[in-house]
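# Examination of the molecular architecture
Here are the chains, one letter per residue:
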Amino acid sequence: MRVGLTFNLKKGHREGLPSDWDAEWDTEETIEAVRSALSTQYEVILIEADENAVENFKNSKPDIIFNMAEGRDGANRESHIPAILEMLSIPYTGSDPLTLSLCLDKGRAKEILSSYQIPTPSFQVVSSTLERVRLKNFPIIVKPLHEGSSKGVRNDAVVFTISDLKKKVEEVIAQYHQPAIIEEYLKGREFTVAIMGNDGDTKIFPIVEIRFDTLPDGVNPIYSYEAKWLWDKADNPLEIFQCPADITDGLRHKIEDVALKSYRALRCRDWCRIDIRLDTNGNPNILELNPLPGILPNPEDNSCFPKAARISGISYNEMIMNILTIARKRYGLI
Ligand SMILES: Nc1ncnc2c1ncn2[C@@H]1O[C@H](COP(=O)(O)OP(=O)(O)OP(=O)(O)O)[C@@H](O)[C@H]1O
Ligand SMILES: [Mg+2]
């Protein structure tokens, strides 16, 4: 069996682009770790998710693709490779183009969650600072509508006044060339939940809590860009994850319940990581779904999905192989 591995490689600093421009893409180390895991059982073909991808698919004729390509550009970038694969009738791991695009539009994803009565912070998508703000209460968090890896969610994303809100919205629109989503800021504990599987056969990994007490003094308790990429370094890691989270069985059931409901509502396939925060009543709310979660191989790099798998006794290589096996089963290839 020939497995294609689709990816976007980090390109490093580029003149004129914001420093976080390639934050979502993968390093050679991560791509090599996934290749190495797959190659324990399969012939692996590396296919960069660039403009040559279509030719490369046609020439190399893989039986299935392990897709970890975050996509090059645009609001639908995560769905580009899956859409091409759908056209070429090549099976691939993970969610389909519709789900990937919906989850990359935090507003649309939240509209779907709301229609299933799944709790999510109230929000508004803002394309101009002239728009009337309908959210009633501060603090409010301001994020780019279509980003991940905390791009555009710096420590100052939490705002307390209308003038700071407008300033931040203006900055997001100017820097990221997309609307901002402004949300009711939830002050409660934060968790992230890794899920694998489909239909009647889904596994929820031990819940990870984001420990804001490990952040530097005085900063906002959010898992910001600084917290993910600047303050937490492999050579000096923050002990920012508590896994399994120290919670009651009651809270764990509630968190697992909303996580699974949102996985189904967005029609996620094979795997996903779901970010959750508690509201003032202690009820879990969905912040967002990550149907292409980060999978950094080095435990010191603090990557939630591999961490949760590891805690449940599943090694990195097994985790990668399991994702592929789940996709093969879904296509009837086993
Ligand atoms: N409504 C909210 N209330 C409180 N905190 C929030 C809210 N929305 C986002 N945050 C904080 O900001 C962080 C980043 O937000 P979010 O998860 O939406 O961004 P992201 O860039 O898509 O993240 P990822 O790296 O998981 O792709 C969250 O982990 C959380 O700490
Ligand atoms: Mg997130």
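Our subject is the structure that appears above.
Attention in this report is confined to the structure presented alongside it.

Quick notes on the rules
- Residues numbered from 1 in each chain as written.
- Chains lettered and ligands numbered in written order.
- Predicted model: local features only at pLDDT ≥ 70, side-chain atom pairs only at ≥ 80, totals over all residues.
- Heavy atoms only, no water.
- Salt bridge = Lys/Arg side-chain N within 4 Å of Asp/Glu carboxyl O.
- Helix = DSSP H or I, 4+ residues; strand = E, 2+ residues; numbered from the N terminus.
- Buried < 20%, exposed > 50% of the residue type's maximum accessible area, 1.4 Å probe, protein only.
- Donors = N, O, S within 2.8 Å, 3.2 Å for Na, K, Ca; no water.
- 1 Å grid on protein atoms, 1.4 Å probe; cavity = no way out; pocket = protein on both sides within 12 Å on 5 of 7 lines; lining within 4 Å.
- Points joined across faces, edges and corners; volume = space filled by probe spheres on them.
- Nonpolar A, V, L, I, M, F, W, Y, C, P; charged D, E, K, R; others polar.
- Domains from an automatic or database assignment.
- Pairing = 2+ DSSP bridges.
- Contact = heavy atoms within 4.5 Å.
- Axes fitted to C-alpha atoms, helices over the stretch in contact; angles between N-to-C directions.

Here the focus is the pattern of salt bridges. The tally for this structure, following the rule as stated, stands at 22 salt bridges. Among the ionic pairs, R72 bridges to E51, the shortest N-O distance being 2.9 Å. In this pair, R72 sits in the loop between strand 3 (64-67) and helix 3 (77-87) while E51 sits in the loop between strand 2 (43-48) and helix 2 (53-60), placing the two residues 21 residues apart along the sequence. Assessed through its relative accessible area of 46%, R72 is described here as partly exposed. Residue class for E51 comes out exposed when judged on its relative accessible area of 60%. R211 serves as the salt-bridge partner of D213, at 2.9 Å between the closest nitrogen and oxygen. The network of salt bridges with shared partners includes E24, R77, E147 and K151.

Let's shift gears to the coordination of the magnesium ion (ligand 2). In this structure, D275 (OD) and E288 (OE) serve as the protein donors to the magnesium ion (ligand 2), at separations of 2.0 Å. Note that D275 is positioned in strand 12 (residues 271-278) and E288 in strand 13 (residues 284-290), a separation of 13 residues in sequence. On the basis of relative accessible area, D275 is assigned to the buried category, the value being 8%. Look at E288 and you get buried, because its relative accessible area is 15%.

In this section: unusual backbone geometry. With an omega dihedral of -5°, the bond running from F138 to P139 counts as a cis peptide bond. Inspection of the secondary structure assignment puts P139 in the loop between strand 4 (123-126) and strand 5 (140-144). Note that the residue after C243, namely P244, is joined by a cis bond; omega there is -5°. Tracing the sequence through the fold places P244 in the loop between strand 11 (241-242) and helix 8 (249-265). Even without being a glycine, R267 presents a positive backbone phi close to 55°.

Looking now at empty space enclosed by the protein. Applying the stated criterion to the full structure yields two cavities of 30 Å³ or more. The space that makes up the largest cavity amounts to roughly 50 Å³. Lining the largest cavity are V126, T129, E131, V133, L165, K166, V169 and I182. With three residues, helix 6 (residues 162-176) is the single largest residue contributor to the lining of the largest cavity. Here the lining of the largest cavity is built from residues that sort into five nonpolar, one polar and two charged. There is about 30 Å³ of room inside the second largest cavity. Around the second largest cavity, the lining residues are C103, K106, A109, K110, L113, L287, E288 and L289. Elements with a contribution of two residues or more to the lining of the second largest cavity: helix 5 (106-115) and strand 13. It is helix 5 that provides the largest number of residues to the lining of the second largest cavity, a total of four residues. For the lining of the second largest cavity, the class distribution of residues is five nonpolar, no polar and three charged.

What follows is about the layout of surface pockets. Space inside the second largest pocket adds up to approximately 420 Å³. Taken together, 19 residues line the second largest pocket, and the ones lying closest to its centre are W21, R72, D73, E147 and K151. When grouped by side-chain class, the residues that make up the lining of the second largest pocket number six nonpolar, six polar and seven charged. Here the lining of the second largest pocket gathers at least three residues from each of two domains, domain 1 (2-94) and domain 2 (122-184).

On to the sheet that holds strand 6 (residues 158-159), then. Strand order in this open sheet of four strands is 4-7-5-6, and the pairing throughout is antiparallel. The open sheet has two edge strands with one neighbour each: strand 4 and strand 6. Bridge count for strand 5 against strand 7 (residues 180-184) is five bridges, and the pairing is antiparallel. Considered in strand 7, the bridge of K143 is made with I181. Here helix 6 sits on the sheet in contact with strand 4, strand 5, strand 6 and strand 7, set at roughly 10° to strand 5.

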